[in-house]
Amino acid sequence: MTFTWTLWLALFGLIFGHGLPGAVVGAITGFIIDSLRQGQRRRVTPQAGGYVSPLFALLGAVAKSDGRVSEAEIAVAERLMQRMGLEQEQRKVAITAFNAGKQPEFDVTPAIEELRRWVGLRRDHAFPVLDVVIETVLAEGNPPPEQMAILRQLAFALRISDMELMALMAMKGYAWNATGGSRGHGNHGGGGYVPPQRTTHGPDPYTVLGIARSVDDRGVKRAYRKLISEHHPDRLGDLPEEMRKRAESRASDINAAYERIKAERGFK
């Protein structure tokens, strides 16, 4: 359980509520708010395994969206099944869903809606889902517009902004400018489409933190604290170890980006 409101309201009470008595009242009020928020978070925690069918169906659709399913894309799906430790029945569900997603008539919208319902209010659960789909999108390098259109449609449904999606791509070693194009499946942004490009000098730390280079030091620190909170693996509950490892990797990338900026700017 986090005590964000407890601490803030205690501080507010201390400053504006006549010292210690105000701090006590503020702390009690904040503790009640934190307890209610924690209870709500538990209620909306998604059922483990409920994402398997829509997720693998979406991976099949992404793989087939450019007209062919490559060995690299199949390998991503097989690797994911193994890393997630799917039991035999779950593996059958995943394979069936992946094959269904490969069909020309498959509509990604219901699968995306099912993932949106599974994620619910848990943004920290949205990021692992996106991370898996991004891995398929980037399986062969610079992805075609059809694959990026599905990815952006999913991100929009999960309430993940283009800036946050750019940060996730940067953590994978790709630079992408979200300007132009469409989030809708089937609209590929016309002839102006520029695919994500693999970077040669490592991810841009400012992109990873989702901020502009003009942001002041306080803004950098604020962005870092927000991100590291959202991507912390301890928030994932009972999701598979594979999802937890992905969160740990993202947290490591965020820390590394923050350290690079600190070194460049010379602040602690």
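Whatever comes next refers back to the structure up there.
Thresholds, definitions, all that
- Residues numbered from 1 in each chain as written.
- Predicted model: local features only at pLDDT ≥ 70, side-chain atom pairs only at ≥ 80, totals over all residues.
- Heavy atoms only, no water.
- Helix = DSSP H or I, 4+ residues; strand = E, 2+ residues; numbered from the N terminus.
- Buried < 20%, exposed > 50% of the residue type's maximum accessible area, 1.4 Å probe, protein only.
- Contact = heavy atoms within 4.5 Å.
- Areas by Shrake-Rupley, 256 points an atom, 1.4 Å probe, with all protein chains shown as cover.
- Phe/Tyr/Trp six-rings, centres within 6.5 Å; stacked < 30°, edge-to-face > 60°.
- Polar contact = N/O pair within 3.5 Å; in protein donor to acceptor, adjacent residues only side chain to side chain.
- Axes fitted to C-alpha atoms, helices over the stretch in contact; angles between N-to-C directions.
- Parallel < 35°, antiparallel > 145°, perpendicular 65-115°, else oblique.
- Left-handed = near helix turned anticlockwise from the far one by under 90°.
- Nonpolar A, V, L, I, M, F, W, Y, C, P; charged D, E, K, R; others polar.
- Expected span 1.5 Å × (residues − 1).
- Arc of directions from axis to C-beta.
- Salt bridge = Lys/Arg side-chain N within 4 Å of Asp/Glu carboxyl O.

Some words on the overall build of the protein chain
Assigned secondary structure in the protein chain consists of 12 helices and two strands. Secondary structure elements of the protein chain occur, N-terminal to C-terminal, as α-α-α-α-α-α-α-α-α-β-β-α-α-α. Burial status across the protein chain gives 43% buried among its 268 residues. For the protein chain, long-range pairs separated by at least 24 residues make up 75% of all intrachain contacts whose partners lie at least 6 apart in sequence. Within the structure as shown, the protein chain displays about 13,800 Å² of accessible surface, and the carbon and sulfur contribution to it stands at 56%.

Description of the packing of aromatic side chains
With the rule as written, the count across this model stands at three aromatic pairs. In textbook terms, an aromatic cluster arises when at least three aromatic residues are bridged by ring pairs, as seen for Tyr 224, Tyr 258 and Phe 267.

Brief notes about the side chain of Glu 164
Positionally, Glu 164 belongs in helix α9 (residues 162-171). Here Glu 164 falls in the buried class, since its relative accessible area comes to 17%. Here the side chain of Glu 164 touches Arg 123 through a polar contact of 2.3 Å, side chain to side chain. In terms of polar contacts, Glu 164 uses its side chain to reach the backbone amide nitrogen of Ser 161, at 2.9 Å.

Here's the deal with unusual backbone geometry
Although it is not a glycine, Arg 159 adopts a positive phi angle of roughly 65°. Structurally, the position occupied by Arg 159 is in the loop between α8 (145-157) and α9. For Arg 159, a relative accessible area of 41% corresponds to the partly exposed category.

A look at the packing of helix α3 (residues 52-64) against α8
Relative to each other, α3 and α8 sit at 150°, their axes nearing to 8 Å. Classified by the interaxial angle, the pair formed by α3 and α8 is roughly antiparallel. As α3 runs across α8, the sense of the crossing is right-handed. Residues Leu 58, Ala 61, Val 62 and Ala 63 of α3 pack against Gln 147, Ile 150 and Leu 154 of α8. Considered class by class, the residues forming the contact of α3 with α8 number six nonpolar, one polar and no charged.

Quick notes on helix α5 (residues 88-101)
The end-to-end C-alpha distance of α5, which contains 14 residues, comes to 20 Å, matching closely the 20 Å that a straight helix rising 1.5 Å per residue would cover. When we look at burial in α5, the residues that qualify are Ala 94, Ala 97, Phe 98 and Gly 101. Looking down the long axis of α5, one finds its buried residues gathered within 100° of arc, a one-sided arrangement. Facing away from the buried side of α5, by more than 90 degrees, are the exposed residues Gln 88, Glu 89 and Thr 96. Elements in contact with the buried residues of α5: α3 and α4 (71-83).

Quick word on the pattern of salt bridges
Tallying each qualifying case throughout the model produces 12 salt bridges. A salt bridge links Arg 117 to Glu 113; the shortest N-O distance between them is 3.6 Å. Placement of both Arg 117 and Glu 113 in helix α6 (residues 108-119) is noted, with a separation of four residues, approximately one turn of the helix. Owing to a relative accessible area of 53%, Arg 117 belongs among the exposed residues under this scheme. The partly exposed category is assigned to Glu 113, whose relative accessible area is 28%. Ionic pairing is found between Lys 262 and Glu 259, a salt bridge with its closest N-O pair at 3.5 Å. Linking Lys 262 with Glu 259, this pair stays in helix α12 (residues 241-265), spanning three residues, or about one helical turn. Glu 259 sits in the partly exposed class, given a relative accessible area of 45%. Sharing partners across several salt bridges, the network here consists of Glu 113, Arg 116 and Arg 117.

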